Amino acid sequence: MDQAGAEMNVPLSQPSITDVEVEAVLAVLRTPTLSLGPRVRAFERAAAEYVGVAEAVAVNSGTSGLHLCLAAAGIGSGDEVITTPFSFVASANCALYQGARPVFADIDPRTLNLDPARVAAAVTPRTRAIVAVDVFGQPAPIEELRAIAARHDLALIQDACEAIGAERDGRRVGGQAKAAVFAFYPNKQITAGEGGMIVTDDRAFARVLRSLSNQGRDDDGTWMNHVRLGYNYRLDEMSAALGLAQLGRIDEILDRRARVAGWYNERLAAMNAVRAPYVAPETTRMSWFVYVVRLDERIDRDALMAALEADGVPSRPYFVPIHLQPLYRERFGHRPGDFPVTEQVARTTLALPFFTDMSEGQVDYVCDRLDGHVARQLGRPRRSQGGPSRRSGVPA
Ligand SMILES: Cc1ncc(COP(=O)(O)O)c(C=O)c1O
């Protein structure tokens, strides 16, 4: 939304599309094959190679990828799936699709990822799987979660929808769980328009995933032979071509996003009431998905968001806890207080504009306005007075 009085209008997010992507999609349209063709297979091969796993199965969203992982793992009615309440709703909905119950475990207040001790405490005789989310592009503590999964014979699925290219202890996210899922919605690091990719080292599991994504067809290629209840979760050729072109630029894209995060970090260092995202020492490469700051508890977030919006700076609370979503309150009786760490974090988070092609001037503008509004709310002088690179000042 354009703000009439704003000096700049900064998008909240925006894909980075070059001529390479445009040409790749146009090339598909010049062929007769718009689905089930060579681009999907090429995208799958490139993704498997990038992650370093045996198999990759393309699907039409991250959500459908998560659903298929639970379906292929045999999760069903009466089963429990442990996941985090601090995520996008799909991380828990995938259990509901299978008639299973999402059981939440609270998070580490610094990394915002699942706290393994709380996961272990949530295991019951009905638990069958863990869905571990790499929140905001920071890898979950997958080794500890693997140990819990092994102890109780649980399927460990990594919801890496926000974390393509991230590394924990030098290992790229994707090969450590039974399967991991990436997502390619346009606000993600790389996009396919809509799309997702499941990666796994388990070839038999991949065969089932592929069949489930394609109406339950057998892998002998017989078109009208449906051996299981499947779905149409196929990725089309245009999306695959776009995703493949973006994957070809992933190092450049992740580096540029890290540079934008670095600009933010520098400027926020001068603001006491707004904290930059925490990056754990185990996170040897952050795959910056969003830039989510933590606000001082005294800041009125809604008022701050409205003031920023009027300046052409959109921002969002990120996340609203899953257990407090109306569906989850009604179905499972969740209430405020059920997961106090998640709730405390969720009250104070704010996602600022963040995208690959964001300029240093845009970061300056956002931080300048943020600092001004925060200082005004807290009734004190601004912490970071405009330096030479600051384009505009806000009176304290
Ligand atoms: C953590 C997480 N899980 C799952 C999804 C679902 O991905 P999609 O929007 O492609 O269905 C998203 C993205 O929106 C996400 O951030």
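Residues numbered from 1 in each chain as written. Predicted model: local features only at pLDDT ≥ 70, side-chain atom pairs only at ≥ 80, totals over all residues. Heavy atoms only, no water.

Caption draft 1: Focus on the state of the cysteines. Enumeration according to the criterion identifies 0 disulfides in this entry. We note that C161 lacks a disulfide partner, and the nearest cysteine sulfur, in C94, lies 9.2 Å from it. (Disulfide = S-S within 2.5 Å.)

Caption draft 2: Just the sheet that holds strand β11 (residues 283-285), in detail. In space, the 3 strands of this open sheet follow the order β7-β6-β11, with antiparallel pairing throughout. The open sheet has two edge strands, β7 (171-172) and β11, and neither has a second partner. Across 2 bridges, strand β6 (residues 167-168) lies against β7 in antiparallel orientation. Along β7, the bridge assignment pairs R168 with R171. (Pairing = 2+ DSSP bridges. Helix = DSSP H or I, 4+ residues; strand = E, 2+ residues; numbered from the N terminus.)

Caption draft 3: Up close: the sheet that holds strand β13 (residues 349-352). Sheet architecture is open: 3 strands sit in the order β10-β12-β13, paired in antiparallel fashion. Strands with a single pairing partner mark the edges of an open sheet, and in this sheet they are β10 (274-275) and β13. Pairing of β10 with strand β12 (residues 291-295), which is carried by 2 bridges, proceeds in the antiparallel orientation. Paired with V274 across the two strands is L295, which belongs to β12. Helix α9 (residues 250-268) contacts β10, β12 and β13 of the sheet and is inclined by roughly 15° relative to β12. Packing against the sheet, helix α10 (residues 301-310) makes contact with β12 and β13, and its axis sits at approximately 15° to β13. (Contact = heavy atoms within 4.5 Å. Axes fitted to C-alpha atoms, helices over the stretch in contact; angles between N-to-C directions.)

Caption draft 4: Structural view of the site of the ligand. The local shell around the ligand holds 15 residues, among which G62, T63, D159, E162 and K188 are the closest. Within the side chain of D159, an N or O atom sits 2.8 Å from a nitrogen atom of the ligand. Here K188 contributes a side-chain N or O atom positioned 3.0 Å from an oxygen atom of the ligand. Within the complex, the protein chains bury 91% of what would otherwise be the 390 Å² of accessible surface of the ligand. Of all the elements in the fold, those that place two or more residues in the shell around the ligand are α3 (62-72) and α4 (90-97). At 3 residues, the largest contribution of residues to the shell around the ligand is made by α3. Class assignment of the residues belonging to the shell around the ligand gives a composition of 6 nonpolar, 6 polar and 3 charged. (Near = heavy atom within 4 Å. Polar contact = N/O pair within 3.5 Å; in protein donor to acceptor, adjacent residues only side chain to side chain. Areas by Shrake-Rupley, 256 points an atom, 1.4 Å probe, with all protein chains shown as cover. Nonpolar A, V, L, I, M, F, W, Y, C, P; charged D, E, K, R; others polar.)

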